[in-house]
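Residues per chain, in single letters:
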Amino acid sequence: MSIRTSMNAQYCPILRKKICKTEGERQVSGNKRGKGLGYAEIQRANEAFESYYKAQGIIPEGEWDQFMSILQVNLPATFRITGFKSHAQQLLQFLKGHYFKELVDVEVDGQAVEKPYPLPWFPDELAWQLNLSRGNIRKIPALERLHSFLITETESGNISRQESVSMIPPLLLDVQPHHKVFDMCAAPGSKTGQLIEMLHADESQSWPSGFVMANDSDNKRCYIMVHQAKRLNSPCVMIVNNDATIMPSMQIPDKDTGQLKQLKFDRVLCDVPCSADGTLRKNYLVWKRWSVHNGFTLHPLQLQILTRGVEVLEIGGRLVYSTCSFNPIENEAVVGSLLSRSQGAMELVDCSHELPNLKRIPGVTTWKVMNENGKVFPGYEDVPNKNKKRIKQSMFPTTDVDKLNLDRCIRLLPHHQDSGGFFIAVLQKVSGLPWTRESKQSKETDSTETDGSMTDVQDDSSRRKYNGPPRKKPRFEGYKEDPFIFFKEDEQLWPLMKEFYKIPDSFPHTQLLTRCETGKKRTVYLVNKAIKDIITNNHDKLKIINSGIRVWCRSDSTEVSCGYRLTQEGSASLQSYINNRKVYLTKQDVITLLTEENPFVHKMSPDSRKQINSHGQGSVMFIYEPPADSCPDENNIIVVGWRGKTSVRSFVSKGDRHHILRLCGVNITSTKKKENKGKLLEGQRDEDKTKDDGDDAEEDTELDDQLSGGVEGMEEEDDVNEDIKDADTGEDSKESEVKEDSKEDEDEKNKPENANDGGNQDDKDPEQL
């Protein structure tokens, strides 16, 4: 049994499902029917935990009982509306008008049901908290509808299940569209998604000039990040698989001279592995496994990651260090040690004015270093020699601790706003680091720093030595990734594609790439210039898992001059460059296109029919633009499809199709029933038709299937304890490529005759996990 299953041993109101405990916690007991499995009561107590934190004094006076009481209560569910700003606002208004509105004055057994409410500190009401019980969901149809909506929208990526405190570090990072952003320990990717959304804040641009590089040392978990990043359809993201402590120095061309220079990041998110005792409300294994030694073990790793983070940070840039731990050994001790060694090059930023409705307490300036028996060591010199391998000098307050402004750190306690525990420190780089040459040289070269951190955490006065033998290159885990082959200026495929879609010369076609060196190119990806520069100049240093978005897929239709069709995920990036193969639809046309498998052209409105008939067979971009008198929150809708001989069809995944139909005012429940009924008729023609009254039952079955398999879709996506995450859902890149090839070959065989189509049945991401 995986750790992930064990740590979620509770009833989840969003999943509407009780998740099993470990075999040791399971016991047989009778229920009302006299049979079944019961569950042993979870022991949420640890004497060592209580003794340690009472001695540390990090809980304000008079609040200890509240602190311990809230740790006995399950963590409420929180979610965030994802996507770029205009799209997220439209979905928010839909959620308020169609679901939250129904929950006014609702009662169960004489008690009022608590409505979902927005997190008061999150901008634009895009993050919400739910306090729902299993019984309420089953008893109240309005809650049942809300519950179903959250599940389907999460599957399509429009809602992200994320713990509330996990949303804060990206907000304090203050990302702008032109920033170069580095997420050092990114898996599973919920914070990375926030960073991508902030990068695309200016929706007037097809894509921003900045980028997000998301890194994780676990090869399998990197593929989970691919799934998260793909939801946002951004060409400005790359996912890499490297050890954050020895992250290699990278080079990019200088904008003015074109000469290679060292890549420095404007923003760095350093959400490090930790002991995770701030997640006790949901991670029950932490109660059993908590020990003083956890902090001692993780402190050196955390300091190494933070040190490498500030090294790759640009002067004037901002870094956010965060953990989900209460322990000052993992928090203030790490930050204080780094600040002391930086000799003023790094400083803590006062964020008290940011997120004004967030309840917080300042960081501590004194703490105790003690062993498992409660013995306190006043200083490093008091630590017995046998314990110095575990207890480092950097764990003690530095001599200049009063000058470091550690009170500017942010501590979040669970009883203040019904959340988990969290620690955040926002640092700014004001000058070159003393152990590097950037403070002495105006021009940086690749020899400025080593390719990784060599910090000696036992002695804060140590300096790095660079005159030793060169370090060995890191050994990459997992499969060898396929290369990134960029289009050349004279790319053979490009003239046909350019002519078919009437793409202007201003389109940077050399930023298109494929992942195969020989044979037919099945998929064409797009990245922005910054990503291309990194891939081109650092492919031998980085293990790049994924980058770019699919914009074209190969179509072997013999009746179309261009062998590549548009994809749904790349439609927003290409819309402003496509000057042909566009059809503007009415809202009713969009509904017809998405609710019928292959609607005939004559079913469309007269104006749409005229536009369709003006185009020959092949890929088409269908666009709906709201009229001037429509709701101000209503946005454009883009649907990629195919124009056949007598019919049209869409290439949109099921989740996206349901999402668009909801925004068009269609009752998705009835649509699902029709789909289920069609599946039953197709698969059970030789059986007695005994399901005249089974449509509702079929709907319930589908929902239960979603719930039973929905842990991946609706599970907590915040970064909890890096050591308590199940990575078994990862997928190898080679397997993904095989899936992509086999899926497209299968779709070629199953294309509908009346559409004469050469593409996929559903335009799903081939690398989606």
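Up top is the structure these notes are about.
Residues numbered from 1 in each chain as written. Predicted model: local features only at pLDDT ≥ 70, side-chain atom pairs only at ≥ 80, totals over all residues. Heavy atoms only, no water.

Right, let's get into the side chain of Arg161. Considering the arrangement of structural elements, one finds Arg161 in strand β10 (residues 159-161). Arg161 gets classed as buried once you look at its relative accessible area, which sits at 5%. Of the polar contacts made by the side chain of Arg161, one reaches the backbone oxygen of Thr78; its length is 3.3 Å. (Helix = DSSP H or I, 4+ residues; strand = E, 2+ residues; numbered from the N terminus. Buried < 20%, exposed > 50% of the residue type's maximum accessible area, 1.4 Å probe, protein only. Polar contact = N/O pair within 3.5 Å; in protein donor to acceptor, adjacent residues only side chain to side chain.)

Let's shift gears to the sheet that holds strand β27 (residues 564-566). Here we have 5 strands laid out as an open sheet, ordered β22-β23-β24-β26-β27, and antiparallel in their pairing. Lying at the two open borders of the sheet, with one neighbouring strand each, are β22 (485-486) and β27. Packing against the sheet, helix α14 (residues 494-501) makes contact with β23 (512-514), β26 (549-554) and β27, and its axis sits at approximately 45° to β27. (Pairing = 2+ DSSP bridges. Contact = heavy atoms within 4.5 Å. Axes fitted to C-alpha atoms, helices over the stretch in contact; angles between N-to-C directions.)

This part covers helix α6 (residues 141-155). Because an α-helix packs 3.6 residues into every turn, residues spaced three or four apart end up facing the same way. Compared with an ideal rise of 1.5 Å per residue, which puts 15 residues at 21 Å, α6 spans 21 Å between its outermost C-alpha atoms and is within 8% of the ideal. Extensive coverage of α6 is indicated by the burial of 12 of its 15 residues. Along α6, the residues that are buried comprise Ala142, Leu143, Glu144, Leu146, His147, Ser148, Phe149, Leu150, Ile151, Thr152, Glu153 and Thr154. Phi for Gly157, located one or two positions after α6, is positive at around 90°. (Expected span 1.5 Å × (residues − 1).)

So, on to the nonpolar core. Formed by 180 residues in total, the largest nonpolar core has its most connected members in Phe49, Met213, Tyr321, Leu427 and Trp552. Setting aside residues up to four positions removed in sequence, Phe49 forms contacts with Phe67, Met68, Leu71, Asp277, Leu280, Trp287, Trp290 and Phe326. The next biggest cluster of nonpolar side chains, apart from the first, holds 21 residues, and it includes Ile591, Val601, Phe622 and Ile637. (Core = buried A, V, L, I, M, F, W, Y, C linked by side-chain atoms within 4.5 Å.)

Once that is clear, we can look at the packing of helix α4 (residues 85-98) against α6. Viewed as axis vectors pointing N to C, α4 and α6 meet at an angle of 160°, and their least axial separation amounts to 11 Å. Classified by the interaxial angle, the pair formed by α4 and α6 is roughly antiparallel. Seen along the crossing, α4 lies across α6 with a hand that is right-handed. Along its contact with α4, which presents Leu91, Phe94 and Leu95, the element α6 presents Leu146, Phe149 and Glu153. (Parallel < 35°, antiparallel > 145°, perpendicular 65-115°, else oblique. Left-handed = near helix turned anticlockwise from the far one by under 90°.)

Quick look at the environment of Lys96 now. Among the structural elements, Lys96 can be located in helix α4. Taking the C-alpha atoms as reference points, Lys96 and Pro116, 20 residues apart in sequence, are found 10.0 Å from one another.

Turning our attention to the pattern of salt bridges. Under the defined criterion, the tally for this structure stands at 21 salt bridges. The shortest N-O distance in the salt bridge between Lys282 and Glu163 comes to 2.8 Å. With a gap of 119 residues between them, Lys282 in the loop between β16 (265-271) and α10 (285-289) and Glu163 in the loop between β10 and α7 (168-173) connect regions that are remote in the sequence. Linking Asp505 and Lys498 is a salt bridge whose minimum nitrogen-to-oxygen distance equals 2.2 Å. Judged by its relative accessible area of 66%, Asp505 is exposed. (Salt bridge = Lys/Arg side-chain N within 4 Å of Asp/Glu carboxyl O.)

Turning to the environment of Leu339, a few remarks are in order. Tracing the backbone shows Leu339 in helix α12 (residues 332-342). C-alpha of Leu339 to C-alpha of Val401: the two residues are 62 residues apart in sequence and 9.2 Å apart in space.

The next point concerns the pairing of strand β24 (residues 523-526). Burial along β24 is two-sided: Thr523 and Tyr525 and Val524 and Leu526, pointing in opposite directions, are all buried. Here β23 runs beside β24; their pairing, made up of 2 bridges, is antiparallel. Along β24, the bridge assignment pairs Leu513 with Tyr525. Judged from the 4 bridges that link them, β24 and β26 form a sheet pairing that is antiparallel. Along β26, the bridge assignment pairs Tyr525 with Arg550.

Another aspect to go through is the sheet that holds strand β28 (residues 582-585). The 4 strands are arranged β28-β29-β30-β31 in an open sheet whose pairing can be described as mixed. Bordering the open sheet on either side are β28 and β31 (648-650), each of which pairs with just one other strand. Between one strand and the next, the sheet's axes are offset by a mean angle of 35°, whatever the strand orientation. Two elements, strand β30 (residues 637-643) and β31, share 3 bridges in a ladder whose sense is antiparallel. Among the inter-strand pairings, Arg643 is bridged to a residue of β31, identified as Val648. In this fold helix α18 (residues 606-613) packs onto β28, β29 (618-624), β30 and β31, with an angle of close to 170° to the strand it touches most, β28.

Taking 1.5 Å of rise per residue, the 14 residues of α4 would be expected to cover 20 Å, and the 20 Å separating its terminal C-alpha atoms lies within 8% of that figure. When α4 is considered as a whole, its buried residues turn out to be Ala88, Gln90, Leu91, Leu92, Phe94 and Leu95. Summarising the contacts, the buried residues of α4 are in contact with β5 (77-81), β9 (127-130), α6, β10 and α19 (654-663).

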